[in-house]
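If you want the building blocks of each chain, they are given just below.
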Amino acid sequence: MSTTTETPRITPTPDDGTGPGQRPSTKASSSAFSFAQLVAALPGAFRKLDPRQMVRNPVMFIVEVGAALTTLIAIAEPFIGRADSAGQPLAPSFTVGIAIWLWITVLFANLAESVAEGRGKAQAQSLRATRTSTLARRVIQYSQTDASAEATAIEEVSSADLTLGDVVVVVAGEVIPGDGDIIFGIASVDESAITGESAPVVREFGGDRSAVTGGTRVLSDRVVIRITSKPGETFVDRMIRLVEGASRQKTPNEIALNILLASLSIVFLVVVLTLNPMASYAGGVNSIPVLIALLVCLIPTTIGALLSAIGIAGMDRLVQHNVLAMSGRAVEAAGDVTTLLLDKTGTITYGNRRATEFVTVGGATLTQLVSVARLSSLSDPTPEGSSVVTLAEQMGHTEESVAGAVIVPFTAQTRMSGLDLPDGSQLRKGAGSSVASWVGSVSPALLAELTSVETRISQSGGTPLVVATRDSTGKARVLGVIHLKDVVKEGLRERFADLRAMGIRTVMITGDNPLTAKAIAAEAGVDDFLAEATPEDKMELIKKEQAGGNLVAMTGDGTNDAPALAQADVGVAMNTGTSAAKEAGNMVDLDSDPTKLIDIVRIGKQLLITRGSLTTFSIANDVAKYFAIIPAMFAGVFPGLAVLNIMGLHSPASAILSAIIFNALVIIALIPLALKGVKYRAVSASSVLSRNLLVYGLGGIIVPFIGIKLIDLIVSLIPGF
Amino acid sequence: MSTISGQFRHTWTAIRALAILTVVLGIIFPLAITAIGQVAFPAQANGSLVKVDGKVVGSSLIGQSWVDADGNALPEWFQSRPSAAGDGYDGGASSGSNYGPENPDLIQAIKDRQAAISASDGVSVAQIPADAVTASGSGLDPHISPAYALLQVDRVAKARGLDAADVKSLVESKIQGRDLGYLGEPTVNVLQLNIALSTLK
Amino acid sequence: MTANVWLFIAQLATIAVILVLVYRPLGDYMAMVFTSPKNLRVERGFYRLIGVNAASEQSWPAYLRSILAFSAVGILVVYAMQRVQEILPYSLGLPATSEHLSFNTAISFVTNTNWQSYSPDVTLGYTVQFAGLAVQNFVSAAVGIAVAVALVRGFAYKRSGTIGNFWVDMTRSTLRILLPFSVLAAIILLAGGVIQNFSGFQDVSTIAGGSATIPGGPVASQEAIKLLGTNGGGFFNANSAHPFENPTPWTNMVQILLMLVIPFALPRTFGRMVGDNRQGLAIAGTMATLFAVSVSLMTWAELHGAGTAPQLAGAAMEGKEDRFGIIGSTIFGTTSTITSTGAVNSMHDSFTSLGGGMAMLNIMLGELAPGGVGSGLYGILMIAIIAVFVAGLMVGRTPEYLGKKIGAREMKLASLYILATPTLVLAGTALSFAIPAVRSDVTSTSIWNPGLHGFTEVLYAFTSAANNNGSAFAGLTANTPWFNTALGVAMLLGRFLPIVFVLALAGSLAKQDRVPVTNGTLPTHRPQFVVLLLGVIVIVTALTYFPVLALGPLAEGLL
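Since we're looking at a predicted model, the values are computed, not measured.

1. Description of the overall build of chain C
No. 1: A count of helical and extended segments in chain C gives 18 helices and 4 strands.
No. 2: Computed over C-alpha atoms, the radius of gyration of chain C comes to 23 Å, within 12% of the 24 Å expected from 2.2 N^0.38 for 559 residues, which places it in the range of a compact globule.
No. 3: Projecting the C-alpha coordinates of chain C onto the three principal axes gives extents of approximately 75 × 55 × 50 Å.
No. 4: The buried share of chain C, taken over its 559 residues, is 71%.
No. 5: Looking at chain C alone, contacts between residues at least 24 apart form 79% of all its contacts between residues at least 6 apart.
No. 6: Carbon together with sulfur atoms contributes 67% to the accessible area of chain C, which is approximately 14,800 Å² in total.
No. 7: With 28 positive and 23 negative side-chain charges, chain C shows a spacing of 19 Å between the two charge centroids.

This is the structure:
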């Protein structure tokens, strides 16, 4: 199991709309959407005007083609004459105005993507610094017989030349040349370059903490590492690609949404293309710039412009939570998760049991019991031991240890620990059955009493620890029981309730017996538990859940977690874990904080919600745009249609231009929202929908009416409009 | 099974299915309904024919025109609505006028009809109900509105030398209310009214 | 006016009460029809004769191929019958119809559109009407129901490669639903005065000394399925305005109900088959709301009677029958256009601009409130998928409907579905004016009313054809090579392209597992979803058609 340290960055801040668990420092920089960011993104936005790039976004590509066409017409107009639209003369600067604003629309869309990418670039920059080629000391022919590789020949090569399976030696002060597993030795490693966490971590051969990452620095000792990544595909390389958004692939939902947007665009293209032949019957033929303006207003440009920015920003939000998703697909899957498997230790409980109570038996006094319990624990270095001391001290026991006492450490055979005092008396605490046999004969009455206390403690999810003494005469007696309790982390109950509201079931995985597991599950408020779990059980559970149509998320760090991580729909590997685990999962949590899973789910949901809400907003906007443009297009021929001009826009030309300007400005206005994500609360789907429909659906209908009217007031000041 | 032979099999099934269904739905079904109709509802099934002195003079459901050979309205009969079926109430060519609400021909026709009724019946244009100046959907509407029937009372009475009050009470006796009191509109069946009128002394 | 409001409400309430009463039993009955493993004896005989193993289900491509084969055969047969009409019995001495008219009519009846470019009174004999057209009235409706049921199975099935057996679905729709109810409906209509004879035209002398023609024909049998199957093709030119098709106000009400019962009960069938009746109720609720709003708007427009001619006459009675009045006409008109029936009991061309515009808007909405038999249900489910997609994203989940994920493939098919008909409508209308030769023919020959109303006639024709409605602004002379061909193509593509997408979607949904429902799942059975679905339907339609509506009814009505 991983050891978890509660650092400030993973402190939940549940009321923070951008999702809990963000570092205060990054939060400040992420939510602020500064002018400087825009300026920095501008060159990128211009580069993206390349049609070969634009064509990947069909909606914006249509706008670009329209912009180019309008520009040509604007250039040609002075020579070929200006075409009236539906019998109405338009201002001389009309076509130029439309052309300019269409280009601005495209530019704004590119800007959104550029800004989103820009945020990742800075991070990539610092990561790249760690990738600079270092010198690696490669073991020429590593053999098991010389595990420490002290007697084997070593050559110096560039880290870039290392390949899969190479073995290198790294000593204190050196940078680890590539991803790998420690195959000999132990070292403290500074991983701040990747995790941002300054405290060094221990990496050692064997077990679940053997993986090291290229670019991190060994602070002490000497280790032998087997390289587990190909050149150019190290963890850092992948991380750079991810934060830069270079390897971004469209996710399934994004593809589906793109299909919807494309087909809406096609519908509107048909609407606009067929308009003039039909209007010609009544003499209402419109000029091409007017038709292009109508088309651009109708196709879902708002969401089309922001779609990729939303995706990039979603990945970026994960990175800010120190989580690396190997694909956007995984982030989306996180939003869909319906079952969350959580390891008890470290995730739900603090991972170490604490003494919470002393219970006397057989007529022993409390003072006797506490005193003995404390003394026997003084030299016990485990958290349990120190918690006994702490509790005893809280009860006023501060006896000094007896000089010359012999420490009896815990062994798997005796299952007891304690102290042998110089006077020959012995103090012991340990598992009930072991202590009982150590005491020897116990009266049936006492045994019954002891059993009942032990059962009570077990049923409440605690662990009973029996305390006994044997005086110098050899007479042994049981004094009582220490109640060790697994302490559930604070605030988890509420978070599980939140998850339940979101429709996510939590299942606690523990090695404890069912009785204890049940009690802790009840205390923590999880929906279900799997007791006495083996890795195989875990795998079985995942498969069972998936067979029922559930999407399962879990965390893991050990090599034996790898199959389950691979099987789970969202498998979050702890960065402290083995490389097998990291390979198997589709996300890596650099903080190695299992509760992060909850944040990941929120981020996944937020990503989808942002897309859906902006799509709704974009489509709802069309209503107002129609009311601006249709009367402007046809009221000259059919004066009755002037009643549709409910906004009272100044003139046809100003109405159309205002709609186009609004269309462009709304993109830039929504960039911060696209990057930050729509606010997400952990409530039922039904209430989330109601709220978002109200804000983005109804709001999407109303806002443009106001916006277009305001812009029209300004545009109408331009001479000719 | 290859797609082509599969498609052939589908088609062969389709041909057989359609053949059998044509017999069931296209021949047995209408014949069965005809049998039921002729046995259970012979009057309706054969067109709700109206006989005077044993001779069929029309159908109570099919409107007739009450004009002379030149198409002029005969003042002694209650007039039906204008008709767009053929030259007017052509039972072989049911049709509405299909004039739109802004069609100048329709506007003119309404004006002409209003003028004609105003002249023949001595009423102001405002008193003329809408159905009197508009063609029905079928062109075979057997009914007129009670208002239009009552409007014609004086003219008919005068042309026939009858007491207007008698004619009026005849019309009132022929007004059919709404079905079940709320379906459709109150109407007067012109053929039945005129048959009753012809017996009025 | 107040009296009219109460009359309107009373009639609407009658419809509501009857539909509510029928909803459960009919919906459950249809669900049973399509899920029962048992075949009737007569069905077993039928399957043997046509060589179908009723127990084996089809994959979606096979299901589609069966539909296409069956429809193609239908088109050929109806085409051939018209072309050799003069040698058929009971032809009333009428000659064979032209190639382009036969093409148009064949497609029209096979696609459940029942657009009639011709005046049936003087064009088609009895044999073509009942042995050709009436048969298609049954089976084209059965095809619609089959496709809807296949889509519902897509939602209901888990990890299945099949979506049912078309031959079984079509046969059961016909024999267990459409035929028995048609017999019942025909008898009711007979009692009301609808004719059923083979007398031909009868000339009689009138008491005024003139002559009158009384038509005959097997009308009641055709009328029943015309409405029950939301077909709409009338025996007579005047359709349900003709007193022999629709003699009284109460038969008018019966006809309205006949159009509505199956489409309104199918959501129950859907809910039943997917194992959650609330889902069906939400769909039915959406349909009912849209229907109530639409019928109110049209009734308001017609009672208000805006426009020069209605104002001059005193009411919008041009093209309406006295016995139905305005309210009886608008409820029928709304029902007919919003169900894909296309029957008329009053002339839509003569409606006020906004009233006629509502009729067209009903069709533009995609005819899904409640829509045609089957096509209404699959139409609204396709839009529901779009609604669920956007809403699903908004709640932070990969969108799912009834536990089926709406991924790229599902989205592609739903998008193509909503793309198909508007493209046909707009392209067809635009081409009518864009091709110079066609344009001169359209404006000089086809268009009846001058000005904007003439444009609306053409727009209405393509709207009606592409959506398989069949009603018309009937002043338009559509019996021309251009319209017969273009509208024929629009009907063909407007019917079968959506069916391809629906069945492909059904196949793709059936393959999926069902995701369990949690708190995080977007609930699709609440009023909230009804509002959302309504919003998507209206917005998608409004955005697509607003410009053309502005050019047509709005420009005319707001003059």
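2. Describing the overall build of chain A
No. 1: When helices and strands are counted, chain A shows 24 helices and 22 strands.
No. 2: Relative to the 2.2 N^0.38 estimate, which gives 27 Å for 721 residues, the radius of gyration of chain A is 34 Å and therefore markedly larger than a compact globule would have.
No. 3: Summarising its shape, the C-alpha atoms of chain A cover approximately 120 × 65 × 45 Å along the three principal directions.
No. 4: When the 721 residues of chain A are sorted by exposure, 58% land in the buried category.
No. 5: Taking as baseline every contact in chain A between residues at least 6 positions apart, the subset at least 24 positions apart corresponds to 71%.
No. 6: With the model as given, the accessible surface of chain A reaches about 27,400 Å², and the carbon-plus-sulfur share is 60%.
No. 7: Taken together, the 58 basic and 66 acidic charged side chains of chain A have centroids lying 5 Å from each other.

3. Some details on the packing of aromatic side chains
No. 1: This structure, assessed with the given rule, holds 26 aromatic pairs over all chains.
No. 2: Residues Phe235(C) and Phe236(C) carry aromatic rings whose centres are separated by 5.2 Å and whose planes lie at 75° to one another, so their mutual orientation is edge-to-face.
No. 3: Under the relative-accessibility criterion, Phe235(C) is labelled buried at 4%.
No. 4: Judged by its relative accessible area of 2%, Phe236(C) falls in the buried class.
No. 5: Above the plane of the ring of Trp438(A) lies Arg470(A), whose end atom (NZ or CZ) is 4.5 Å from the centre.
No. 6: Between Arg160(B) and the ring centre of Trp77(B), over which it is positioned, the NZ or CZ distance is 4.3 Å.

4. Observations concerning the sheet that holds strand E22 (residues 587–589) of chain A
Residues and elements named next belong to chain A.
No. 1: If you trace the 7 strands from one edge of the open sheet to the other, you get E10-E22-E21-E20-E11-E18-E19, paired in mixed fashion. The open sheet terminates on both sides in strands that have one partner only, identified here as strand E10 (323–325) and strand E19 (528–530). Between one strand axis and the next, the sheet turns through 20° on average, direction left out of account.
No. 2: Where strand E20 (residues 552–556) meets strand E21 (residues 570–574), 4 bridges bridge the pair, whose relative direction is parallel. Bridge pairing in E21 links Gly556 to Ala573.
No. 3: Across the sheet, helix H18 (residues 514–524) touches strand E18 (505–509) and E19, and the angle it forms with E19 is around 150°.

5. Thoughts on the interface of chain A and chain C
No. 1: Each partner contributes to the interface: chain A provides 60 residues, whereas chain C provides 59 residues.
No. 2: Of the roughly 4,900 Å² buried between chain A and chain C, counting both surfaces, carbon and sulfur atoms make up 75%.
No. 3: In this structure, the connection of chain A to chain C is made through 0 salt bridges.
No. 4: For the pair chain A and chain C, the number of links is 11 residue pairs in polar contact (both at pLDDT 80 or more).
No. 5: Elements with a contribution of two residues or more to the side of chain A that touches chain C: helix H8 (252–280), helix H11 (328–336), helix H17 (492–501), helix H22 (596–634) and helix H24 (685–715) of chain A.
No. 6: Of the residues forming the side of chain A that touches chain C, the biggest block, 18 residues, is contributed by H8(A).

6. Re the confidence of the model for chain A
Do not read the fine detail of predicted coordinates wherever pLDDT is low.
No. 1: Averaged over every residue, the pLDDT of chain A is 82; the share at 70 or more is 92%.
No. 2: Note that residues 1–32 of chain A has pLDDT below 50 and, in this model, 60 contacts with residues that lie over four places away or in other chains.

7. Quick word on the interface of chain B and chain C
No. 1: Every contact between the two is made by 92 residues of chain B and, on the other side, 98 residues of chain C.
No. 2: Of the roughly 7,500 Å² buried between chain B and chain C on both sides combined, carbon and sulfur atoms contribute 67%.
No. 3: Linking chain B to chain C there are 2 salt bridges.
No. 4: At the boundary of chain B with chain C, the tally comes to 36 residue pairs in polar contact (both at pLDDT 80 or more).
No. 5: Elements that contribute at least two residues to the side of chain B that touches chain C include exactly helix H1 (3–40), helix H2 (42–45), strand E1 (49–52), strand E2 (55–59), helix H3 (104–121), strand E3 (143–144) and helix H6 (190–199) of chain B.

8. Concerning the pattern of salt bridges
No. 1: Enumeration over the complete set of coordinates arrives at 37 salt bridges over all chains.
No. 2: We note a salt bridge from Asp141(B) to Arg81(B), for which the minimum N-O separation is 2.9 Å. Placement of Asp141(B) in the loop between H3 and E3 and of Arg81(B) in the loop between E2 and H3 is noted, with a sequence separation of 60 residues between them. Taken as a pair, Asp141(B) and Arg81(B) share a single burial class, namely buried.
No. 3: Connected through salt bridges with shared partners, the residues Arg81(B), Asp141(B), Glu321(C), Asp322(C) and Arg323(C) form a single ionic network.

9. Here's the deal with the nonpolar core
No. 1: Counting residues in each nonpolar core, the largest one holds 353 residues, and the members touching the most others are Phe70(C) and Tyr401(C).
No. 2: Take this core: its biggest share by element is 21 residues, from helix H5 (residues 126–156) of chain C.
No. 3: Each of two domains, domain 1 (2–43) and domain 2 (48–198) of chain B, supplies a minimum of three residues to this core.
No. 4: Beyond its immediate stretch of four places on either side in the chain, Phe70(C) contacts Ala14(B), Ala17(B), Leu18(B), Leu21(B), Val139(C), Val143(C), Phe166(C), Trp167(C) and Met170(C).
No. 5: Of all hydrophobic cores here, the second largest spans 38 residues; its members include Leu106(B), Ile107(B), Ala157(B) and Ala309(C).

10. Remarks on the packing of H5(C) against helix H6 (residues 166–192) of chain C
Residue and element names in this part refer to chain C.
No. 1: Running from N to C, H5 and H6 cross one another at 125°; their axes reach a closest spacing of 8 Å. One finds that H5 runs oblique with respect to H6. Regarding H5 and H6, the two cross each other, and that crossing is right-handed. In this structure, H5 contributes Phe138, Val139, Ala141, Ala142, Val143, Ile145, Ala146, Val149 and Arg153 to the contact, and H6 contributes Phe166, Asp169, Met170, Ser173, Thr174, Leu178, Leu179 and Ser182.
No. 2: Here the residues of the contact of H5 with H6 are counted per class, giving 12 nonpolar, 3 polar and 2 charged.

Procedures and definitions
- Residues numbered from 1 in each chain as written.
- Chains lettered and ligands numbered in written order.
- Predicted model: local features only at pLDDT ≥ 70, side-chain atom pairs only at ≥ 80, totals over all residues.
- Heavy atoms only, no water.
- Helix = DSSP H or I, 4+ residues; strand = E, 2+ residues; numbered from the N terminus.
- Rg over C-alpha atoms; globule rule 2.2 N^0.38 Å.
- Buried < 20%, exposed > 50% of the residue type's maximum accessible area, 1.4 Å probe, protein only.
- Contact = heavy atoms within 4.5 Å.
- Areas by Shrake-Rupley, 256 points an atom, 1.4 Å probe, with all protein chains shown as cover.
- Lys, Arg positive; Asp, Glu negative; His and termini not counted.
- Charge placed at Lys NZ, Arg CZ, Asp CG, Glu CD.
- Phe/Tyr/Trp six-rings, centres within 6.5 Å; stacked < 30°, edge-to-face > 60°.
- Lys NZ or Arg CZ within 6 Å of the ring centre and 35° of its normal.
- Pairing = 2+ DSSP bridges.
- Axes fitted to C-alpha atoms, helices over the stretch in contact; angles between N-to-C directions.
- Buried area = accessible area lost by both parts, 1.4 Å probe.
- Salt bridge = Lys/Arg side-chain N within 4 Å of Asp/Glu carboxyl O.
- Polar contact = N/O pair within 3.5 Å; in protein donor to acceptor, adjacent residues only side chain to side chain.
- pLDDT = per-residue confidence, 0-100.
- Core = buried A, V, L, I, M, F, W, Y, C linked by side-chain atoms within 4.5 Å.
- Domains from an automatic or database assignment.
- Parallel < 35°, antiparallel > 145°, perpendicular 65-115°, else oblique.
- Left-handed = near helix turned anticlockwise from the far one by under 90°.
- Nonpolar A, V, L, I, M, F, W, Y, C, P; charged D, E, K, R; others polar.

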